[in-house]
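Given next are the chains, with one letter for each unit.
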Amino acid sequence: MATSARRGPYFCGIDAAMDVVSGKWKSLILWELNNYGTRRFAELRRGLPGVSEKMLIQHLREMEEDGLVHREVYREVPPKVEYSLTEDGVSLNAALSSLGRWGTERIKRIGAEKVDLSL
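Note that this is a predicted model, so its numbers are computed, not measured. (Residues numbered from 1 in each chain as written. Predicted model: local features only at pLDDT ≥ 70, side-chain atom pairs only at ≥ 80, totals over all residues. Heavy atoms only, no water.)

When you go through the chain residue by residue, the secondary structure sums to 5 helices and 3 strands. Seen through its C-alpha atoms, the chain measures out along the principal axes to roughly 50 × 45 × 25 Å. Counting all 119 residues of the chain, 26% fall into the buried class. Across the chain, the fraction of contacts at a sequence separation of at least 24, relative to all contacts at a separation of at least 6, is 51%. Accessible area of the chain: about 8400 Å², with a carbon and sulfur share of 55%. Placing the 18 positive and 17 negative side-chain charges of the chain at their respective mean positions leaves the two points 4 Å apart. (Helix = DSSP H or I, 4+ residues; strand = E, 2+ residues; numbered from the N terminus. Buried < 20%, exposed > 50% of the residue type's maximum accessible area, 1.4 Å probe, protein only. Contact = heavy atoms within 4.5 Å. Areas by Shrake-Rupley, 256 points an atom, 1.4 Å probe, with all protein chains shown as cover. Lys, Arg positive; Asp, Glu negative; His and termini not counted. Charge placed at Lys NZ, Arg CZ, Asp CG, Glu CD.)

Structure, rendered in C-alpha cells:
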C-alpha cells in the first residue's frame, strides 16, 4: 500500500476520512470505479462529465498515494494505463454508500435534476 503524505493530526475519524475524499471529483471517481470496474483514463474522463484532464490526473495521483486506487501501466505502444479500486478504496466506497442514499433522497425531495450519463 502507498504511504500518504497526509497523516494528521486529525480531530476525529470523519476528519481523517474527509482528508482523502476532499474535492468534488474523488468521491465520483470512487463511484465510477466501483460501478464499472477497471477503467482507462479516457473512460474515466467520459464517465465524469465536466472534469478537466488536469483535475482528473491530480485526483488520481492523490488517490493512488492514499492507497485508494491502483494504477496499472502496460508497457506497450501506445501506452495503456488502467485504474481500479484497492481494498481500501472498496471499503471507503462502501462507507460512502449511505451518504449516496441520503443524496439520492435529497435529489427527489428538492426536485433537483440529475445528470443523464446514458449519452
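Once that is clear, we can look at the pattern of salt bridges. Pairing of side chains with opposite charge becomes possible as their charged atoms draw close. In the structure shown here, the tally under the stated rule is 5 salt bridges. Two residues, Glu32 and Arg39, come together in a salt bridge whose shortest N-O distance is 2.8 Å. Here Glu32 and Arg39 have matching classes, each one buried. The partner of Arg45 in a salt bridge is Glu53, and the shortest N-O contact between them spans 3.7 Å. You can call Arg45 partly exposed: its relative accessible area is 36%. On the basis of relative accessible area, Glu53 is assigned to the partly exposed category, the value being 43%. (Salt bridge = Lys/Arg side-chain N within 4 Å of Asp/Glu carboxyl O.)

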